[in-house]
Amino acid sequence: MGVLLFLDMDGTLIPFGGPGPYPEYGAGGRAAGAHPLLRRVDPALGARLGGLGCELVWATTWLDDANDLVAPWLGLPSLPVVEWPDPGPSEPGESYGWPCSPHWKTPALVRWAAGRAFVWVDDEVGEVDRDWVAVHHPAPALVHRVDHRYGVTGADLAVVEEWLSGGPGVR
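Residues numbered from 1 in each chain as written. Predicted model: local features only at pLDDT ≥ 70, side-chain atom pairs only at ≥ 80, totals over all residues. Heavy atoms only, no water.

J.: It is not clear to me how the packing of helix H3 (residues 105–113) against helix H4 (residues 127–136) should be interpreted in this structure. Could you clarify?
T.: The interhelical angle for the contact between H3 and H4, taken along N-to-C directions, is 35°, at an axis separation of 10 Å. In this structure, H3 crosses over H4, and the sense of that crossing is right-handed. Across the interface between the two elements, Thr 106, Pro 107 and Val 110 of H3 pack against Asp 129, Trp 132, Val 133 and His 136 of H4. Residue composition of the contact of H3 with H4, grouped by class: four nonpolar, two polar and one charged. (Axes fitted to C-alpha atoms, helices over the stretch in contact; angles between N-to-C directions. Helix = DSSP H or I, 4+ residues; strand = E, 2+ residues; numbered from the N terminus. Left-handed = near helix turned anticlockwise from the far one by under 90°. Contact = heavy atoms within 4.5 Å. Nonpolar A, V, L, I, M, F, W, Y, C, P; charged D, E, K, R; others polar.)

J.: Just to check I follow, could you spell out the environment of Leu 5 for this structure?
T.: Following the sequence through the fold, Leu 5 ends up in strand S1 (residues 4–7). Here the alpha-carbon distance between Leu 5 and Val 160, two residues 155 residues apart in the chain, equals 9.5 Å. Residues contacting Leu 5, with those up to four places away along its chain left out, are Leu 49, Leu 52, Cys 54, Glu 55, Leu 56, Val 57, Val 119 and Val 121.

J.: How do you make sense of the packing of aromatic side chains when you look at a structure like this?
T.: Aromatic ring pairs are described here by two measures, namely the spacing of the ring centres and the angle between the planes. Taken as a whole, this structure holds three aromatic pairs when the rule is applied. With a centroid separation of 5.8 Å and an interplanar angle of 80°, the aromatic rings of Phe 6 and Trp 112 are classed as edge-to-face. Here the residue Phe 6 occupies a position in strand S1, and Trp 112 occupies one in helix H3, the gap between them amounting to 106 residues. When the centroid spacing of 5.3 Å and the interplanar angle of 65° are considered together, the rings of Phe 6 and Phe 118 count as edge-to-face. Taken together, the positions of Phe 6 in strand S1 and Phe 118 in strand S3 (residues 118–122) put the pair 112 residues apart, joining distant regions of the chain. The two residues Phe 6 and Phe 118 agree in class, both being buried. A network of ring pairs unites the aromatic residues Phe 6, Trp 112 and Phe 118 as a single cluster. (Phe/Tyr/Trp six-rings, centres within 6.5 Å; stacked < 30°, edge-to-face > 60°. Buried < 20%, exposed > 50% of the residue type's maximum accessible area, 1.4 Å probe, protein only.)

J.: I'm lost on the pattern of salt bridges in this one. Help?
T.: Charged atoms that come close allow side chains of opposite charge to pair. One pass over the structure, following the stated rule, counts six salt bridges. One salt bridge in this structure joins Arg 130 and Glu 127, with 2.9 Å as the shortest N-O distance. Separated by three residues within a single helix, Arg 130 and Glu 127 lie in helix H4, roughly one turn from each other. Between Asp 147 and Arg 149 there is a salt bridge, with its nearest N and O atoms 2.4 Å apart. Arg 149 gets classed as partly exposed once you look at its relative accessible area, which sits at 42%. Within the structure, one salt-bridge network assembled from shared partners comprises Asp 8, Lys 105 and Asp 122. (Salt bridge = Lys/Arg side-chain N within 4 Å of Asp/Glu carboxyl O.)

J.: Help me out: how do you make sense of the pairing of S1 in this one?
T.: Regular strands show a simple pattern: their side chains alternate between the two faces of the sheet. The side-chain alternation of S1 yields two buried faces, one formed by Leu 4 and Phe 6 and the other by Leu 5 and Leu 7. Taken together, the four bridges between S1 and strand S2 (residues 55–58) define a ladder with parallel strand orientation. Bridge assignment links Leu 7 to a residue of S2, and that residue is Trp 58. Relative to S3, S1 runs parallel, the two sharing four bridges. Paired with Leu 4 across the bridge in S3 is Phe 118. (Pairing = 2+ DSSP bridges.)

J.: So what exactly am I meant to see when it comes to the sheet that holds S2 here?
T.: The strands making up a sheet are joined through hydrogen bonds of the backbone, oriented either antiparallel or parallel. Judged by pairing direction, the sheet is parallel, and its four strands sit side by side in the order S2-S1-S3-S4 without closing on themselves. Edge positions in the open sheet fall to S2 and strand S4 (141–145), since each of these has one partner strand only. Pairs of neighbouring strands in the sheet enclose a mean axial angle of 15°, with direction left out of account. Against the sheet, H3 touches S1, S2 and S3, its axis set at about 150° to S3.

J.: Please explain the nonpolar core as it appears in this structure.
T.: Soluble globular proteins tend to bury their nonpolar side chains together. Formed by 36 residues in total, the largest nonpolar core has its most connected members in Leu 5, Leu 49, Trp 58, Leu 74 and Val 119. Mapped by element, the contributors of at least two residues to this core are S1, helix H1 (45–50), S2, helix H2 (65–74), S3 and helix H5 (154–164). Tallying contributions element by element places H2 first for this core, with six residues. Non-local contacts of Leu 49, meaning those with residues more than four positions away in its chain, are made with Leu 5, Leu 7, Leu 13, Leu 56 and Leu 157. In this structure, Phe 6, Val 82, Val 125 and Trp 132 belong to the second largest nonpolar core, which totals 16 residues. (Core = buried A, V, L, I, M, F, W, Y, C linked by side-chain atoms within 4.5 Å.)

Here it is in structure tokens:
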């Protein structure tokens, strides 16, 4: 089993600024008309992500729509989808015993990884999430924040590639 790569959608694969729109047809020959935001997604990302050698997993509120709409646009096969737990009753600002709360996805992704090494690429993560993962997850993990204006860039993928090649503790 290899390293998991958790992929967010909005602000990560779908930039809220930056270049684009991309051509009407993506890597899988799927028309962008299937969803108005698809033309913001660089269809070349599919090959770059697939070439990382990770097990790709959708970690997005798009759920199965990511496989129905985005995977074909990127030329990717159907990927596993993180099913988010229903939010239980909680107090506003619940912090899991930390001074600041981690992102709501953080505990769920650590559970989903089940001790496997992972990379998480998202536009809403920060130091609190990195610290939380370091304390609660026994395997190596890279929690990488991308700029929501541009989404995943070549520079972001270079960070992931460098981390993946970082030694025996990673793979």
